[in-house]
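Working through the structure, step by step
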Amino acid sequence: MIYKSSSIISTIELRIEKFFEGDSSGHDYHHVNRVRCLALQLAKKENADLFVVELIALLHDIGDWKFHDRGLNGQAEILAEFLKDLNIEKSLLKRILIEIPKIGFKGAEVKEEDLSLEAQIVRDADRIDAIGAIGIARCFAYGGHKGMPIYDPNVAIAMHNNAMEYHSAKSPSIHHFFEKLLLLKDRLHTKSGQQLAEDRHQFLLDFLLQFFREWYGEDEIPKQFNLNRFELKER
Ligand code: ADP
Ligand code: NI
């Protein structure tokens with residue numbers, strides 16, 4: 001088949017390196033590449049189509065709502081533009097334009113949209129890269145990039161129930177752990193992804209426990225940041 005060609009992958013890879021050059025929001029080329037490697041690792045275990053997984057992984061952050069003001073539908077338009085001269089088979093292109101905008105997190109109480117196995121795998125890989133040590137680094141990089149404070153004791157956690165609200169929220173980065181990052185472990189699709197996430201999830205909890213102990217002292221952690229409900233295992 002014409003579209004199963006490694007030259008499409010290498011052309012996209014080169015374009016992506018350029019596209020994300022100089023990014024300081026945690027959405028750089030290395031994020032994309034980590035997601036691609038993780039996704040391929042999961043795809044082999046889940047017997048998914050490796051070419052489709054690699055393609056979706058490489059493209060998943062192109063046109064993300066966080067980096068333009070063209071609204072929720074902007075991503076498909078930007079992706080179409082990015083891919084227009086690549087001769088990707090029509091049905092595959094259609095699938096990419098429909099599925100990629102559904103991958104990202106849209107708010108703690110927003111129902112996730114259904115995806116094919118290949119897109120589920122990329123969603124899992126993207127979420128695994130949002131937790132653990134790398135996830136913590138990315139969270140504060142993104143918060144700084146968008147002008148959010150590290151932490152504000154006067155702000156309440158918000159469980160967003162629509163995407164627009166989630167997108168326009170200006171939560172401090174520590175709140176983002178409770179509004180998204182700590183929820184990801186239980187929202188992964190694949191068994192192999194769930195196994196990988198376990199350790200990284202505990203690392204988020206270890207970090208938060210230490211952060212709050214430094215901020216408040218041993219017994220003064222505010223109730224809204226109770227970590228036991230996220231299965232904290234003190235080590
Ligand atoms: P998704 O599409 O699911 O949001 P991304 O690949 O775009 O996934 O990664 C989102 C990254 O941005 C995560 O590492 C997350 O920690 C960070 N991020 C998003 N919103 C915030 C926020 N309000 N505060 C801090 N970090 C954020
Ligand atoms: Ni991503």
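Summary of the structure given here.

Conventions used here
Residues numbered from 1 in each chain as written. Chains lettered and ligands numbered in written order. Predicted model: local features only at pLDDT ≥ 70, side-chain atom pairs only at ≥ 80, totals over all residues. Heavy atoms only, no water. Helix = DSSP H or I, 4+ residues; strand = E, 2+ residues; numbered from the N terminus. Polar contact = N/O pair within 3.5 Å; in protein donor to acceptor, adjacent residues only side chain to side chain. Contact = heavy atoms within 4.5 Å. Near = heavy atom within 4 Å. Areas by Shrake-Rupley, 256 points an atom, 1.4 Å probe, with all protein chains shown as cover. 1 Å grid on protein atoms, 1.4 Å probe; cavity = no way out; pocket = protein on both sides within 12 Å on 5 of 7 lines; lining within 4 Å. Sits in = over half its atoms within 2 Å of the grid points. Nonpolar A, V, L, I, M, F, W, Y, C, P; charged D, E, K, R; others polar. Donors = N, O, S within 2.8 Å, 3.2 Å for Na, K, Ca; no water. Buried < 20%, exposed > 50% of the residue type's maximum accessible area, 1.4 Å probe, protein only. Points joined across faces, edges and corners; volume = space filled by probe spheres on them. Phe/Tyr/Trp six-rings, centres within 6.5 Å; stacked < 30°, edge-to-face > 60°. Axes fitted to C-alpha atoms, helices over the stretch in contact; angles between N-to-C directions. Parallel < 35°, antiparallel > 145°, perpendicular 65-115°, else oblique. Left-handed = near helix turned anticlockwise from the far one by under 90°.

A closer look at the side chain of Glu-54
Here Glu-54 shows up in helix α3 (residues 50-59). Side chain to side chain, Glu-54 and Arg-36 meet in a polar contact 2.9 Å long. Sequence-distant contacts of Glu-54, defined by excluding residues within four places in its chain, comprise Ile-9, Arg-36 and Leu-40.

A word on the site of ligand 1
The environment of ligand 1 is made up of 16 residues, and the closest members are His-27, Lys-66, Phe-105, Asp-126 and Tyr-142. At 3.2 Å from an oxygen atom of ligand 1 is found a side-chain nitrogen or oxygen belonging to His-31. Within the backbone of Cys-139, one N or O atom sits 3.3 Å away from a nitrogen atom of ligand 1. Protein burial of ligand 1: of its 560 Å² of free accessible surface, 96% is covered by the chains. Put simply, ligand 1 lies in the largest pocket. In terms of residue count, the dominant contributor to the shell around ligand 1 is helix α7 (residues 132-145) (three residues). Classifying every residue of the shell around ligand 1 by side-chain character gives five nonpolar, five polar and six charged.

A look at the coordination of the nickel ion (ligand 2)
For the nickel ion (ligand 2), the full set of protein donor atoms is His-31 (NE2), His-60 (NE2), Asp-61 (OD) and Asp-126 (OD), at a range of 2.1 to 2.4 Å. Read in sequence order, the donor residues coordinating the nickel ion (ligand 2) give the pattern H-x28-H-D-x64-D. Note on accessibility: His-60 and Asp-61 belong to one class, buried.

Some details on the layout of surface pockets
The computed volume of the largest pocket comes to approximately 790 Å³. Forming the walls of the largest pocket are 42 residues, and the residues nearest its centre are Trp-65, Lys-66, Tyr-142, Tyr-166 and Lys-180. At the level of elements, α5 (90-103), α6 (117-128), α7, α8 (163-168) and α9 (173-179) are the ones that each hand at least two residues to the lining of the largest pocket. Per element, the largest residue contribution to the lining of the largest pocket is five residues, and it comes from α7. Here the residues of the lining of the largest pocket sort into 14 nonpolar, 15 polar and 13 charged. Its volume calculated, the second largest pocket comes out at about 180 Å³. Every residue along the wall of the second largest pocket is listed here: Leu-209, Arg-213, Glu-218, Asp-219, Glu-220, Ile-221, Phe-225, Asn-226, Leu-227, Asn-228 and Leu-232. Broken down by class, the residue content of the lining of the second largest pocket amounts to five nonpolar, two polar and four charged.

Comments concerning the packing of aromatic side chains
Considering all chains together, one arrives at 22 aromatic pairs under this definition. Ring geometry for Phe-140 versus Phe-177: centroids 6.0 Å apart, planes at 45 degrees, classification tilted. Taken together, the residues span a long stretch of sequence, with Phe-140 in helix α7 and Phe-177 in helix α9 at a distance of 37 residues. Centroid distance Phe-177 to Phe-207: 5.8 Å. Interplanar angle 20 degrees. Geometry classified as stacked.

A few points about the packing of α3 against α6
Two elements in contact, α3 and α6, have axes separated by 9 Å at closest approach and are oriented at 45 degrees. As summarised for this structure, α3 and α6 are arranged oblique, according to the angle between their axes. When you trace α3 past α6, the crossing you get is right-handed. Contact with α3, carried on its side by Val-52, Val-53, Ile-56 and Ala-57, involves Glu-118, Ala-119, Ile-121 and Val-122 of α6 and no other residues of that element.

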